[in-house]
Amino acid sequence: MTGLGAVFRPQLAPERLRSVARLADSAGLEELWLWEDCFREGGISAAAAALAWTERIRIGVGLLPVPLRNVAVTAMEAATLHRMFPGRPILAVGHGVQDWMGSVGARVESPVTLLREHLDVLRTLLRGERVTVEGRYVMLDDVALDWPPAEPVPVIAGATGPRSLRLAGEAADGTLLTASTPPDGVRRARQLIDEGRESAGRTQDAPHQVVVYLLTATGADGPARLRAELAEEGLESVPDLGVAGDARTVARAVRRLADAGADTVVLQPTGDEPDPEGFIRFTAEEVRPLVP
């Protein structure tokens, strides 16, 4: 079965999260994803609250920018969430938006090198191992978690470019793709991820999970809102990107991404979605039954 989720956009005030998360949980939605966009809402704090307010839904953070975080802190936060809410947190790490990283003095010369070092050490720490490393950016001296996760924790990498996608295959357990990824982009990403897995000798590992956002608009003004957001992002000329329409139309778009290689599709409302709770109900009650 293709996984299905929805995004709580950080354009919404943090106090809106409680009602949206509880509704998503009670409606049977599988995953609710949060963003750590500068300079809106913190990913870990929002995820912890959402997990505490709910009983069964998985809460994803896509993504934590590695230039902002010491890897030991990332590991501590991830382990704490997984100890308190086993199997429910999903954490993705990535480069972050480079202009934002520059705004806070965290931009690095080689984002790919930093992400590789962060992924390698993060996965090692979450396995409960002790780490001493002196990399270009990541440096730890005899560090281990006192409370590592009780079960293995997959680490997801957010990636877009070819080098980062190959790196995700080499060093991560899954990949998060943005809403600027059409079905052909998912196919290309899968190919690059598989190249990375093969080069790292990981083809016998557990399957590599691919999660992709799908920009989605519903209602009478849905097509206009979708066009406006794509234009704002400079993506209006990209074919087969985003979807506007009823549940059947959205489900077809989800299936196209799944056929291209996505394991989970996360519906991303437009930034001006007028009814976030209604969007959650639409995803869980109308789209989910149409997605095998």
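See the structure printed just above.
Predicted model only: the values in this text are computed from it and were never measured.

Criteria and thresholds
Residues numbered from 1 in each chain as written. Predicted model: local features only at pLDDT ≥ 70, side-chain atom pairs only at ≥ 80, totals over all residues. Heavy atoms only, no water. Salt bridge = Lys/Arg side-chain N within 4 Å of Asp/Glu carboxyl O. Buried < 20%, exposed > 50% of the residue type's maximum accessible area, 1.4 Å probe, protein only. Helix = DSSP H or I, 4+ residues; strand = E, 2+ residues; numbered from the N terminus.

A. Highlighting the pattern of salt bridges. Under the criterion given, the structure shown has 22 salt bridges. A salt bridge links D37 to R40; its shortest N-O distance comes to 3.8 Å. For D37, a relative accessible area of 18% translates into the label buried. One salt bridge in this structure joins D272 and R225, with 3.9 Å as the shortest N-O distance. Here R225 lies in helix α8 (residues 222–232) and D272 lies in the loop between β11 (264–269) and α10 (276–287), a separation of 47 residues in the sequence. By relative accessible area, R225 is classed as buried at 7%.

B. Region of interest: unusual backbone geometry. The peptide bond linking C38 to F39 adopts the cis configuration, its omega dihedral lying at 0°. Considering the arrangement of structural elements, one finds F39 in the loop between β2 (31–34) and α2 (43–53). G62 connects to L63 through a cis peptide bond whose omega is 10°. One non-glycine residue, D142, lies in positive phi territory at about 60°. When you line up the elements, D142 lands in strand β6 (residues 139–143).

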